[in-house]
Amino acid sequence: MTPAERFRSVWRDPAGYGRSVKQETGRSILGFFCSYAPVELIYAAGILPLRLFGTRGEISLADTHLQSYCCSLVRGGLEDALKGNLDFLDGAVFPHTCDSIQRLSDIWRLNAGFAHHFDAVLPVKLNTQSARQYMIDVLSGFCRELETAFGKQIRDADINAAICAYNQIRKQLKAVYALRSQKPGLFEPSAVHWIMTAAMVMEPAAFLRDITAFLDQIGSSAGDAPQTGRKRLMLAGGICTHPDVYDLLARAGADVVWDDLCTGARYFEGTIAEDAKDPLAAVADRYLSRSVCPAKHADITARGRHLVDAAREQGVDGVVFLQLKFCDPHAFDYPYLKQFLDSAQIPSLLIEIEDQPPPGEQLLTRLETFVDML
Ligand code: SF4
Ligand code: SF4
């Protein structure tokens, strides 16, 4: 299997990948839903952190625990857990983010039946000295909980090694994004989406090998790739699990060249100081300085400024907001983000998505209309 084929196959069946790791290595695996889960510390404990993206099937069992107006990521994740689709997990980690994730944590602990359960109650406000110290204390407590649960001591050297591994992954993901922005025609429309999914699911050393080989291969043909002449778009929002969106945008005459998604650039932004004397402080510092999610607070206009800066830096013609239905944090931020883009004269379009993609032709018409206006 080529690296590109592996990324696609992991995207198609992340649970299948997790199950095969479990069967072949017996390794402990912890699921997580959010880019604030401290993956470096989980990995330093010898555990595979594996991101959960909600279900691809019908949601029925979760409806007995959660209102239908919770986002489909939360409802779908619980559905998979209750159906036994995540039977390869040893447990899950819930960082403090939006209300839905916090309440899911309680319901999960009581009903999902896994051996281990962790809450990492990170601070909401990220721009004070006391928040930094609090974050370091929470990360330290999380390490102690992992040690107790899995019986492995986590040394600073383990954390530093995990930091190096994830730094390299983030560097390679950034290189993929930079190459796509330069030469979008080199990639199939959904290829980067498959890569990002694989990055958050695969064993880090295996992913690093594959992504390095992939970049070597695709980079060598970059010089010959013609420019596509299509409009350049950036996606913004929370989680995106619909590769169809990329295909539809391509059919509408546009390339996605960058994003501000928690399953995209927000996952790889920011490197962590390597070989730091206090590696937990180094991990905390990335969370404090990384572009912020709407469930956290850095300063009132940080997200707006970041979006406009990224759009200008990447030379995009417009921004498409992918709004997961019932995601309050992103919905609350949208009006002010749109205002920021309007003031910078960057056109934008809002699309509401669910766990199941919206009807293709209907969405295509909206995207075509938007692209035609650019
Ligand atoms: S948008 Fe941010 S807070 Fe919400 S799930 Fe994604 S990373 Fe977590
Ligand atoms: S931030 Fe939004 S999409 Fe993410 S878990 Fe919370 S409500 Fe769902």
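Conventions we followed
- Residues numbered from 1 in each chain as written.
- Chains lettered and ligands numbered in written order.
- Predicted model: local features only at pLDDT ≥ 70, side-chain atom pairs only at ≥ 80, totals over all residues.
- Heavy atoms only, no water.
- UniProt positions renumbered as here; feature names shortened; annotations may be inferred.
- Near = heavy atom within 4 Å.
- Helix = DSSP H or I, 4+ residues; strand = E, 2+ residues; numbered from the N terminus.
- Phe/Tyr/Trp six-rings, centres within 6.5 Å; stacked < 30°, edge-to-face > 60°.
- Buried < 20%, exposed > 50% of the residue type's maximum accessible area, 1.4 Å probe, protein only.
- Contact = heavy atoms within 4.5 Å.
- Salt bridge = Lys/Arg side-chain N within 4 Å of Asp/Glu carboxyl O.
- Pairing = 2+ DSSP bridges.
- Axes fitted to C-alpha atoms, helices over the stretch in contact; angles between N-to-C directions.
- Core = buried A, V, L, I, M, F, W, Y, C linked by side-chain atoms within 4.5 Å.
- Nonpolar A, V, L, I, M, F, W, Y, C, P; charged D, E, K, R; others polar.
- Expected span 1.5 Å × (residues − 1).
- Right-handed = clockwise from strand over helix to strand, strands pointing away.

- Going by an unreviewed UniProt entry, the chain carries the name Bcr-type benzoyl-CoA reductase subunit C and comes from Desulfosalsimonas propionicica.
- As its UniProt record puts it under Sequence similarities (unreviewed entry), the chain is described as follows: "Belongs to the FldB/FldC dehydratase alpha/beta subunit family."

### A short note on the site of ligand 2
Next up, step 1: All residues adjacent to ligand 2 are C71, L73, V74, C98, S100, I101, L324 and C327.
Next up, step 2: Looking at the shell around ligand 2, the elements with two or more residues in it are α4 (72-83) and α5 (99-111).

### Considerations on the packing of aromatic side chains
Pairs of aromatic rings are described using the distance from one ring centre to the other and the angle between the two planes.
Next up, step 1: Per the counting criterion, the structure on display carries 17 aromatic pairs.
Next up, step 2: Look at W11 and W194: their rings are 6.3 Å apart centre to centre, the planes differ by 45 degrees, and that puts the pair in the tilted class. Here W11 is found in helix α1 (residues 3-12), whereas its partner W194 is found in helix α8 (residues 191-201), with 183 residues between them in sequence. For the residue pair W11 and W194, the accessibility class agrees, reading buried in each case.
Next up, step 3: Taking 6.3 Å as the distance between ring centres and 25 degrees as the angle between the ring planes, the aromatic pair formed by F118 and F150 counts as stacked. Within this pair, whereas F118 is found in strand β4 (residues 116-120), its partner F150 is found in helix α6 (residues 129-150), the two being separated by 32 residues in sequence.

### Quick word on the environment of L324
Next up, step 1: For L324, the location among the structural elements is in strand β7 (residues 318-324).
Next up, step 2: Note on L324: relative accessible area 11%, which makes it buried.
Next up, step 3: Each C-alpha atom of the pair L324 and G237 lies 7.9 Å from the other, and the pair is 87 residues apart in sequence.
Next up, step 4: Contacts of L324, omitting those with residues within four sequence positions, involve C71, S72, L73, I239, I353 and E354.

### Thoughts on the pattern of salt bridges
Next up, step 1: Here the structure, examined in full by the defined rule, presents 21 salt bridges.
Next up, step 2: Measuring nitrogen to oxygen at the nearest pair gives 3.3 Å for the salt bridge that ties R75 to D63. Within this pair, whereas R75 is found in helix α4, its partner D63 is found in the loop between β2 (48-51) and α4, the two being separated by 12 residues in sequence.
Next up, step 3: The exposure class of R75 is buried, given its relative accessible area of 9%.
Next up, step 4: Its salt-bridge partner being E79, residue K83 comes within 2.8 Å of it at the nearest N-O pair. With K83 and E79 both in helix α4 and 4 residues apart, the pair spans about one turn of that helix.
Next up, step 5: By sharing partners, the salt bridges in this structure join R103, D106, R109 and D119 into a single network.

### A word on the sheet that holds strand β5 (residues 231-237)
Next up, step 1: Taking strand neighbours across the sheet as the criterion, the 4 strands line up as β6-β5-β7-β8 in an open arrangement whose pairing is parallel. Only two strands of the sheet have a single partner each, and these edge strands are β6 (254-260) and β8 (348-353). Strand-to-strand twist in this sheet, taken as the mean axis angle between neighbours without regard to direction, amounts to 30 degrees.
Next up, step 2: Of the strands in this sheet, β5, β6, β7 and β8 touch helix α15 (residues 360-373), which is tilted by about 170 degrees from β8.

### So, the nonpolar core
Next up, step 1: The biggest cluster of nonpolar side chains holds 146 residues, and the ones touching the most others in it are F7, W108, L173, F187 and F207.
Next up, step 2: Beyond its immediate chain neighbours, meaning those up to four positions away, F7 contacts W194, I195, A198, M202, F207, D210, I211 and F214.

### A word on the site of ligand 1
Next up, step 1: In the vicinity of ligand 1, the contacting residues are C34, S35, T97, C262, R266, C293, A295 and H330.
Next up, step 2: Looking at side-chain class alone, the shell around ligand 1 contains 4 nonpolar, 3 polar and 1 charged residues.

### Things to note about helix α13 (residues 302-313)
Next up, step 1: Between its terminal C-alpha atoms α13 stretches 16 Å, which fits the 16 Å expected from 12 residues at 1.5 Å a residue.
Next up, step 2: Turning to α13, its buried residues number three or more, namely A302, R303, G304, L307, V308, A310 and A311.
Next up, step 3: Looking at the packing, one finds that the buried side of α13 touches β5, β6, α11 (265-268), β7 and α14 (328-343).
Next up, step 4: Phi turns positive one or two residues past the end of α13, at G315, with a value near 60 degrees.

### Describing the pairing of strand β3 (residues 91-95)
Next up, step 1: Of all 5 residues in β3, 5 are buried, a share of seventy percent or more.
Next up, step 2: On β3, burial covers both faces: G91, V93 and P95 on one face and A92 and F94 on the other are all buried.
Next up, step 3: The sheet contact formed by strand β1 (residues 29-32) and β3 spans 3 bridges and is parallel. By the bridge assignment, G31 is partnered in β3 with A92.
Next up, step 4: One ladder, built from 5 bridges, connects β3 with β4; its direction is parallel. Looking across to β4, one finds that V93 is bridged to F118.
Next up, step 5: At this point the chain moves from β3, through α5, to the parallel β4, and the crossover so formed is right-handed.

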